[in-house]
Amino acid sequence: MTEDLQRASIWKRVSAYIFDMILLGILAVGLAAVLSFLLGYDSYYEDMNAVREKYETEYGVEIYITESEKLAMSEEDQRTWEEANRAFSYDKDAVYAYNMIINLTLIILTFSILAAYVIMEIIVPLIFRNGQTLGKKIFGIALMRTDGVKITNFALVVRTLLGKFTIETMVPVLILIMILLGSMGIMGVVVTGLLLLLQLIVIASTRTRSAIHDLLAATVVVDMASQRIFDSYEAMLEYKKRIHQEEVAKKEYR
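Thresholds applied
- Position numbers for residues start from 1 in each chain and track the written sequence from start to end.
- For a predicted model such as this one, the threshold for reporting local features is a pLDDT of at least 70, and the threshold for listing and counting side-chain atom pairs is 80 or more; totals across whole chains, interfaces and linings nevertheless cover every residue.
- Heavy atoms from the whole structure form the basis of all side-chain values; hydrogens and water molecules are not counted.
- Secondary structure elements follow DSSP: runs of H or I no shorter than four residues count as helices, runs of E no shorter than two count as strands, and numbering proceeds from the N terminus.
- This radius of gyration counts C-alpha atoms alone. The globule rule is 2.2 Å times how many residues there are, raised to the power 0.38.
- Each residue is assigned to one of three classes by its accessible area relative to the maximum for its type, calculated with a 1.4 Å probe on protein chains only: buried under 20%, partly exposed between the two thresholds, exposed over 50%.
- Contact definition: two residues touch when any of their heavy atoms are within 4.5 Å.
- Nonpolar side chains (Val, Leu, Ile, Met, Phe, Trp, Tyr) within 5 Å and like charges within 9 Å form the patches, drawn only from residues with over 30% relative accessible area and no salt bridge.
- Note on areas: these come from Shrake-Rupley sampling with a 1.4 Å probe, and a residue is covered only by the protein chains present in the view.
- Here, a salt bridge means any side-chain nitrogen of Lys or Arg that lies within 4 Å of a carboxyl oxygen of Asp or Glu.
- Neither His nor the chain ends is counted toward charge; the positive residues are Lys and Arg and the negative residues Asp and Glu.
- One atom stands in for each charge, and that atom is NZ of Lys, CZ of Arg, CG of Asp or CD of Glu.
- Interaxial angle, 0 to 180 degrees, is taken between N-to-C directions of lines fitted to C-alpha atoms, where a helix line uses only the stretch in contact.
- When an angle is under 35 degrees it counts as roughly parallel; over 145 it counts as roughly antiparallel; between 65 and 115 it counts as roughly perpendicular; any other value is oblique.
- A crossing counts as left-handed when the near helix is turned anticlockwise from the far one by less than a right angle, and as right-handed when that turn is clockwise.
- Any residue that is not Ala, Val, Leu, Ile, Met, Phe, Trp, Tyr, Cys, Pro, Asp, Glu, Lys or Arg is counted as polar, Gly included; the first ten are nonpolar and the last four charged.
- Ring geometry is summarised as follows: Phe, Tyr and Trp rings, the Trp one being its six-membered ring, pair when their centres sit within 6.5 Å, and such pairs are stacked at plane angles under 30 degrees, edge-to-face over 60 and tilted between the two.
- We count a charge as sitting over a ring when the NZ of a lysine or the CZ of an arginine lies within 6 Å of the ring centre and within 35 degrees of the ring normal.
- Any two strands with at least two DSSP-identified bridges between them are counted as paired.
- Within 3.5 Å is the distance limit for a polar contact, defined as a pair of N or O atoms, with the added protein rule that one can donate a hydrogen and the other accept it, and that residues adjacent in sequence qualify only through two side-chain atoms.

Let's shift gears to the overall build of the protein chain. When helices and strands are tallied, the protein chain shows ten helices and two strands. Going from the N terminus to the C terminus, the protein chain shows its helices and strands as α-α-α-α-α-α-β-α-α-α-β-α. For 254 residues, the compact-globule formula gives about 18 Å, and the C-alpha radius of gyration of the protein chain, at 27 Å, lies well above that figure. Burial analysis of the protein chain (254 residues in total) assigns 35% to the buried set. Intrachain contacts of the protein chain at a sequence separation of at least 6 include 72% that bridge at least 24 residues.

Here you go:
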């Protein structure tokens, strides 16, 4: 770590993060809409609803009802509803459409978020250099390696794909989906809470106040205006050597 580390202030980091996440969310939603259209996502909903309406007409009940509405039915109507729901649940066309909806949801979410991260957190920083996203550019902060050298492309990819996309975004997103589908209960909430706690511990315990993605990539967020970022490790050593020589010369002069 360089001796003159000019760490970016928390408010600048938070402001840049919020700005970038808003843009990333807009981009991800737009990409998801395009993928949904290309993959025919809505058509599977229409197919499943057509099957549902067929059984609702056949049995004379509504399949999608609340628990309170079900309890308000007579015993005979409840039996009819259960038969209709069972027939709908085991219908091969409905099962196929439902499975396609789940699979496409995972595919669309994953690839739209991934593409948004690649554009916003890899391509844009490669254009601006020094790891700057649009938010970092606006708020005057940048990225560098913890040894004071310019961030490498490899570190940028690790920081984005392994840290931000996989650990900090997709793990919570997939857990949320599993909770909504009923395949994961309180354990999902616990895992998400532990991940958030780990993030807070990492930020609080590191000298550079780094998040998980920065820790994985060995990077630090710095103030662009006041931080010296070296192009290479050799350039940093040469600078330190020159500063040392100047200090020695000053002592000899005195």
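There is a patch of like negative charges on the surface, built from Asp 42, Glu 46, Asp 47 and Asp 93. Broken down by element, the negative patch gets its largest block of residues, three residues, from helix α2 (residues 41–59). Secondary-structure assignment places Asp 47 in helix α2. A relative accessible area of 41% means that Asp 47 is categorised as partly exposed.

This paragraph deals with the packing of helix α7 (residues 153–181) against helix α8 (residues 186–205). In the contact formed by α7 and α8, the axes pass within 9 Å of each other and the chain directions differ by 160°. Accordingly, the angle class assigned to the pair α7 and α8 is roughly antiparallel. As for how α7 packs across α8, the hand of that crossing is left-handed. Of the residues in α8, those in contact with Ile 167, Glu 168, Val 171, Pro 172, Ile 175 and Ile 179 of α7 are Gly 188, Val 189, Val 191, Thr 192, Leu 195 and Gln 199. Its residues assigned to classes, the contact of α7 with α8 shows eight nonpolar, three polar and one charged.

Enumeration according to the criterion identifies six aromatic pairs in this entry. Here the aromatic rings of Trp 11 and Phe 139 are separated by 6.3 Å at their centres, their planes lie at 90°, and the arrangement is edge-to-face. In this pair, Trp 11 is assigned in helix α1 (residues 10–39) and Phe 139 in the loop between α6 (134–138) and β1 (141–145), connecting sequence segments 128 residues apart. Seen in terms of ring centroids, Phe 230 and Tyr 239 are 5.1 Å apart; in terms of plane orientation they differ by 50°. Their pairing is tilted. Each member of the pair, Phe 230 as well as Tyr 239, carries the same accessibility label: buried. When the ring centre of Phe 128 is taken as origin, the NZ or CZ atom of Lys 137, which lies over that ring, is 5.3 Å away.

For the structure shown, the criterion picks out seven salt bridges. The salt bridge partner of Lys 54 is Asp 91, with a shortest N-O separation of 3.7 Å. With Lys 54 in helix α2 and Asp 91 in the loop between α4 (75–90) and α5 (92–128), this residue pair connects regions lying 37 residues apart in the sequence. A residue is classified by how much of its surface remains accessible, and Lys 54, at 43% relative accessible area, is partly exposed. Notably, a salt bridge pairs Asp 231 with Lys 150, separated by 3.4 Å at the nearest N-O pair. You can see Asp 231 sitting in the loop between β2 (219–223) and α10 (233–253) and its partner Lys 150 sitting in the loop between β1 and α7, a full 81 residues away along the chain.

Right, let's talk about the pairing of β1 for a bit. When you tally the buried positions in β1, you get four out of five residues, the bulk of the element. With five bridges connecting them, β1 and β2 associate as antiparallel partners. The residue bridging Ile 141 from the neighbouring strand is Asp 223, located in β2.

On the secondary structure map, Tyr 239 appears in helix α10. Along the backbone, Tyr 239 and Thr 80 are 159 residues apart, and their C-alpha atoms lie at a distance of 82 Å. Contact partners of Tyr 239, with chain neighbours within four places excluded, come to Arg 228 and Phe 230. Looking at Tyr 239, its side chain comes within polar contact range of the side chain of Arg 228, at 3.5 Å.

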